[in-house]
Every structure is written in structure tokens, then in C-alpha cells.
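Residues per chain are reported as follows:
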Amino acid sequence: MVKWVRNLSFKYRILLGCLLVALLPLLGGNLLMTQLFSVSVQNQATATAQARLAEMGDKMDLVFTQSTRVLGQVADGNDFFSRAMVDNSGTRPDDVYLALYEALGKLPSNVTLSLYDMGGKLRFTTNSSLAYATLPVHWGVLHKAAQASGPVQYSVQGFGTTPVYNFYMAQQLASSTGMATGFAVVGFPPAAFADILGLYNSGNEVAILLNDTGNLVYSRRQNLPEKTLKTVRNHLAAANATTLQLGDDEYYPSVLAGSGYYLLLQQPKILAGSTIATMRNVSLIMALVSLVLCIVFSVLLSRGLARPISRLSRGMAQVKQGNLNVHISTSRTDELGQLTQNFNQMTTDLQTHMQTILQQQHEVDESQIRLLQAQLNPHFLYNTLDTVKWLAKINNVPQIATITSNLAVILRRSISGGNFVTLQQELDMIQSYVDIQRIRFSGRFRYVLDLPPALADSVIPKLILQPLVENAIMHGLEGKESGYIYIYALPDEDDLLISITDDGCGMPPEMIAELHQEDSQIVEGHLGLYNVNHIVRMNYGRQYGLSAHSIAGVGTTITVRLPNRKEAADG
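Quick look at the overall build of the protein chain
No. 1: When you go through the protein chain residue by residue, the secondary structure sums to 15 helices and 17 strands.
No. 2: Counting only contacts in the protein chain whose residues sit at least 6 apart along the sequence, the fraction spanning at least 24 positions is 61%.
No. 3: Here the protein chain has roughly 32200 Å² of accessible surface; of this, 57% comes from carbon and sulfur atoms.

Topic: the side chain of Ser-458
No. 1: Within the secondary structure layout, Ser-458 lies in the loop between β12 (445-450) and β13 (459-461).
No. 2: Residue classification places Ser-458 among the buried positions, given a relative accessible area of 0%.
No. 3: Within the structure, the side chain of Ser-458 is placed 2.8 Å from the side chain of Asn-564, a separation counted as a polar contact.
No. 4: A distance of 3.1 Å separates a polar atom in the side chain of Ser-458 from a polar atom in the side chain of Lys-566.
No. 5: Dropping the residues within four chain positions of it, Ser-458 is found in contact with Val-421, Thr-422, Leu-423, Leu-496, Asn-564, Arg-565 and Lys-566.

Digging into helix α5 (residues 140-147)
Because each turn of an α-helix spans 3.6 residues, side chains separated by three or four positions in sequence point in the same direction.
No. 1: Of the positions making up α5, those classed as buried are Gly-140, Val-141, Leu-142 and Ala-145.
No. 2: The elements touched by buried residues of α5 are β1 (112-116), β3 (152-155), β4 (167-174) and β5 (180-188).

Re the confidence of the model for the protein chain
When pLDDT is low, close inspection of the predicted coordinates is not appropriate.
No. 1: Here the protein chain shows a mean pLDDT of 78. Residues at 70 or above account for 80%.
No. 2: Averaged pLDDT values for the elements of the protein chain fall to 56 in helix α10 (residues 376-394) and rise to 92 in strand β15 (residues 495-502).
No. 3: Predicted confidence for residues 158-162 stays below pLDDT 50, and this span has ten contacts to residues more than four positions away or in other chains.
No. 4: Note that residues 369-380 has pLDDT below 50 and, in this model, three contacts with residues that lie over four places away or in other chains.

Here's the deal with the packing of aromatic side chains
No. 1: Counted by the stated rule, this structure contains twelve aromatic pairs.
No. 2: Where Tyr-97 meets Phe-124, the ring centres are 5.5 Å apart and the plane angle is 75°; that geometry is what we call edge-to-face. In this pair, Tyr-97 sits in helix α4 (residues 93-104) while Phe-124 sits in strand β2 (residues 122-125), placing the two residues 27 residues apart along the sequence.
No. 3: Assessed through its relative accessible area of 5%, Phe-124 is described here as buried.
No. 4: Put simply, the rings of Phe-64, Phe-167, Phe-188, Phe-193, Tyr-218 and Tyr-261 touch in pairs and so form one group of aromatic residues.

A closer look at the sheet that holds β1
Strand pairing in a sheet relies on backbone hydrogen bonds, with the paired strands running either antiparallel or parallel.
No. 1: Strand order in the open sheet made by the five strands is β2-β1-β5-β4-β3, with antiparallel pairing throughout. Pairing within the sheet leaves two strands with one partner each, and these edge strands are β2 and β3. Between one strand and the next, the sheet's axes are offset by a mean angle of 25°, whatever the strand orientation.
No. 2: In this structure, β1 lies alongside β2, joined through three bridges in antiparallel fashion. Counterpart to Ser-114 in the pairing with β2 is Thr-125.
No. 3: Packed onto the sheet, α4 meets β1 and β2 and runs at close to 60° relative to β2.
No. 4: Relative to the sheet, α5 contacts β1, β3, β4 and β5, its axis offset from that of β3 by approximately 160°.

Topic: the packing of helix α12 (residues 423-440) against helix α13 (residues 466-476)
No. 1: One way to put it is that α12 packs onto α13 with a least axis distance of 10 Å and a crossing angle of 25°. The angle between the axes of α12 and α13 places the two elements in the roughly parallel class. As for the relative orientation of α12 and α13, their crossing is right-handed in sense. Of the residues in α13, those in contact with Glu-426, Met-429, Ile-430, Tyr-433, Val-434, Gln-437 and Arg-440 of α12 are Gln-466, Val-469, Glu-470, Ile-473 and Met-474.
No. 2: A breakdown of the residues in the contact of α12 with α13 according to their chemical character gives seven nonpolar, two polar and three charged.

What to know about the sheet that holds strand β8 (residues 244-246)
No. 1: Taken in spatial order, the five strands of this open sheet run β7-β6-β10-β9-β8, and their pairing is antiparallel. Each edge of the sheet is formed by a strand with only one pairing partner; in this case those strands are β7 (216-219) and β8. With direction set aside, neighbouring strand axes in the sheet form an average angle of 20°.
No. 2: By the bridge criterion, three bridges tie strand β6 (residues 206-210) to β7 in an arrangement that is antiparallel. Considered in β7, the bridge of Leu-210 is made with Leu-216.
No. 3: Its contacts with the sheet put helix α6 (residues 190-197) on β6, β7 and β10 (262-268), and the angle it makes with β7 is roughly 65°.
No. 4: Lying over the sheet, helix α7 (residues 226-237) contacts β6, β7, β8, β9 (249-255) and β10, oriented at roughly 160° with respect to β8.

Focus: the environment of Ala-148
No. 1: Summarising the element assignment, Ala-148 is placed in the loop between α5 and β3.
No. 2: We classify Ala-148 as partly exposed; its relative accessible area is 29%.

Quick look at the pattern of salt bridges
No. 1: Across all of its chains, the model carries six salt bridges by this definition.
No. 2: A salt bridge links Arg-52 to Glu-55, with the shortest nitrogen-to-oxygen separation between them at 3.7 Å. Of this pair, Arg-52 and Glu-55 both sit in helix α2 (residues 10-75), three residues apart, which is roughly one turn of the helix.
No. 3: Taking the relative accessible area as the measure of exposure, Glu-55 reaches 38% and is therefore partly exposed.
No. 4: Measuring nitrogen to oxygen at the nearest pair gives 3.1 Å for the salt bridge that ties Lys-566 to Asp-457. Taken together, the residues Lys-566 in the segment after β17 (555-563) and Asp-457 in the loop between β12 and β13 connect sequence positions 109 residues apart.
No. 5: Lys-566 sits in the partly exposed class, given a relative accessible area of 41%.
No. 6: Residue classification places Asp-457 among the partly exposed residues on the basis of a relative accessible area of 41%.
No. 7: Through salt bridges that share partners, Arg-52, Glu-55 and Lys-59 make up one connected network.

Cut-offs applied
Residues numbered from 1 in each chain as written. Predicted model: local features only at pLDDT ≥ 70, side-chain atom pairs only at ≥ 80, totals over all residues. Heavy atoms only, no water. Helix = DSSP H or I, 4+ residues; strand = E, 2+ residues; numbered from the N terminus. Contact = heavy atoms within 4.5 Å. Areas by Shrake-Rupley, 256 points an atom, 1.4 Å probe, with all protein chains shown as cover. Buried < 20%, exposed > 50% of the residue type's maximum accessible area, 1.4 Å probe, protein only. Polar contact = N/O pair within 3.5 Å; in protein donor to acceptor, adjacent residues only side chain to side chain. pLDDT = per-residue confidence, 0-100. Phe/Tyr/Trp six-rings, centres within 6.5 Å; stacked < 30°, edge-to-face > 60°. Pairing = 2+ DSSP bridges. Axes fitted to C-alpha atoms, helices over the stretch in contact; angles between N-to-C directions. Parallel < 35°, antiparallel > 145°, perpendicular 65-115°, else oblique. Left-handed = near helix turned anticlockwise from the far one by under 90°. Nonpolar A, V, L, I, M, F, W, Y, C, P; charged D, E, K, R; others polar. Salt bridge = Lys/Arg side-chain N within 4 Å of Asp/Glu carboxyl O.

See the structure below:
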């Protein structure tokens, strides 16, 4: 992919770049905002639904608790209701009805409290229009109440067809002697649940009440599909059931603490699929408009950039072929215009520079001729020294022969081609220099060399140790009757350390400080040290060079740090 982009022309890169810069953030931003908006709205809807569900659950638990208390009051009515069920002669019906209405208390007005005898026949009720005069005693709520010691709950299936009540709570009545006398029954019509849950002004909100076995007790939507109900049951059977989404509706479940019944709140999705699709279509339309604008803008931009760059490219190709007379006309004053003017100036400067180079090359050729002629002089001096050496031997003057022989070695090494030698070659030349100085300063110093064989073929710049040895003899041993010069080399990881130690008067602190400076300067009388330091740093970098350690009256050690290299010397 990256290789394909690199192979595109400049104008197509601009087009691709504009498209990516404009479309990716736009599409990504729209999708992200749509998602964030959907999540935010959904979270808000969920929080609202949970709060509403908790409110309705509290109301249902309160009504169930109050109904249980009502049944308990009727069952524990000091045989009042039991006597009324067995023998009406001592109890007036009006008193019974009044007691039933008082027992209902704060229950909704459309909730009915009724008394049934042991045969299931209705004897007293707060609902004067009750359609069913009897209830079965071998199944249903009366059957369950006869087997229980307290209130029971019972829901009627198919409540949307004929039954007046779709939910009952009942408790068996007994006299003080323990004889069963009848049943107290609280009946809940569908309208009672609507009143309890406050659903009349709730818009599209639908409440669904299922019993503990998952059977439908109440639903505001009477025609709740069995397929939907089955899906809800399966969802509730799972542990920790959460929000259920079916089509464009969402179901929020809750369990009533007092009864174990399931209460579900059904609400339409805040953002239905069509709404989200509309938002995405708007995003796509905006992206399409941006695409058209990007194409138009990038074409104009690429033309404005690609044409002058293409002319510059053709001009550079001609310069590459050697044509320096190229000139590109332009009327632009922007950066590309300035670039074109700089190109024209560059070709003009190249023409001038080429003429200068030709002139300089002519002068170099002449200088090389003069240099070859000048090389005759050192060779003449070397030959003269060789003649003096033989004359000294003939006339039996060995010191002069030794001096001239060693001086010839030094001179031959100095004028030999190449800038690098092995450490062994450099120390051989130092030996010749020391031999000359021993004749000059007879008996005034000893010379000791310590060179590990493994370092003998290390390559170093030529003539960097002689100035250091000369400085040790001339300055370090100045004014002393005897002393020593000690040269030793040792490896330091990937570096080579060569130290020259004397036991002379010591080096001034300002000279040591100057040597350790990153940009050391020439100190009067110590040009050799500066040259060596400069040569080493110029060849290897500023992390290499000279360092010194000196104690006044004790001596000085100057150390050269070099990279330990084994390449063949070029001399």
C-alpha cells in the first residue's frame, strides 16, 4: 500500500491527501457522534425507565402488602365475619358490608373485597355488580386458600376474554373453635392495575405483570403476542436478566420483593432503526458533498503546484545532462515562484563556479609540478646526510655517524608518503630521536619503552609521539642532572592509550587546563602539543586527544587516547 502511494504522481498524492484529510475525520466524527448520541440517549432512557419501574414496583408491593393486611384483619375479626357466614340471625348484613368497606382501607376503589362460604358461593361483596356468584372450590384461588395457612395469590389465565378479575388474593376464615367458615377474597380487575401503576397518562408506556411461574397476570396491551410473551419468559429465566430488546421495543424487568412476581416496563426505543439510518444517511450525504468539494479543490491545487514543479523537474534533468544555460520563466511571487528564481540563480552560479573550478584546476596542475620539483630538496638533504655519515665513519667520529644515521631515519620517515604508521614504526623513529638526544644530553636521562606485542601493529597518525617526547626532554627535564622518560601503551576497551611520563619539574596548571578544553588554543612554547591534539581530534573526533596529569617537582604524564585500529598503515 505504501509503495503504491509512493509511486503515484504528485497531483494524485495531493488528491488522495485531501480526500483522506477531509473524509476520514468527517465520516469518523459523524459515526462517533451518532454512536455517542445513541449511547447517551439510550443511557438516559434506561435510567428513566429504571426509575419508573422502581416506582411502579414499590406501588405494587405496597398494594400487595395492604391486601395481605386486609385479609388478615378479616380472618382475625373476632368471629364477626365467621358468624356472619354461618348464621346471619345475629349479624346484620349492613354491618357486614360496612365492615368490608372499612377493611378495604386505602386499597384502590375498584379493588373488591368479598366473602365466600365453604361451597364457593358469594355471600357478601363490595362490588354490587359482580358477575360471578360462585367460585370453584376444587381448583383456583379457593382451593389454594383452603390448603394454606395464610393469604394466597392466584392469577386467572385469559383474563382478556370473560373474567371480571384477573388476579385474586384469598385467605380461609375460621371460627374461634377452628372450624372453617368461608373465604375472604380480594379481587383485582384490570383497571385496578392501571390505577396502581399510574398508566392512564403514560403515552406509549406498557406495564406487564407475570406471576412467579411466568404466566401473564396483567398487561396494558391486551393483545400481547404469545411469541413475545414466550421470549420474555425465556429471558427472565436467565440469571441476572437485563434489558430485553424486541423489534422497536425495549423491556425493562424487575422482581417484586413481596410476591416474587415479575414486573416489566415496555417502551419503544428512543432511537429506532429508522432514526439511526436517517442520521447515517445524512452523514453519507455530507461526506458526498465533501468528496465533490475535495476533488474540485485538489484538482485546482494540484494544477497550481504540479505544473511549476514539473517545469523545474525538466529543467533539473537538463542540468543533470550538463546544460547550464537552462532558464525557467515565471510570473509567480509565491514560494514556487521563489523556488524557480532560486533555480535560475543556481544555474547562473553553477556556470560561474564551473569557470572558477577550471581556473583552480589549472592552478593546481601548476602547483603539482612545482611540488614535484620541490621534493628534490629533501632527497638532496637525505643524500647529503648519508655522505656526512660515511665521512664520519672514515674519519673515526662515531657520534657524528650516529647522529646523521638517526637523523636520516627521522627524515626518511617524515618525507615518506602516507599519514599513518604502525605503533611499532612510530616507536622505532622515536628510538632514533632519543639516540640523538642521548648524545646531546650525555647521561642526563634514561629511556624506557613498554609496548605489549598485541599493540605493535595498531595504526596511529604519523609523527604524533615525537613532539611529546621532545616536550618531556626539553621542558620536563630542564634543569635536572638526571631523569627518565617512560613510554608505555595499553588497551582501554576499544581505545588505545599511549603515555609519556617524565620525572621532571611538572607542567603548569594552565597548560593542563588548556589541553583539556574542547577547543584548545596554542600556548606559547608548546606548539607541538597543540598540533598533536589538533591532529588526533581532526582524524578521530573530539572524544579523543591529549590529557595530562602533573605534580610539581614530581613529574608529568601526557596520555594520547586513540581508537585501537589494526588497518594496514599507509606508509
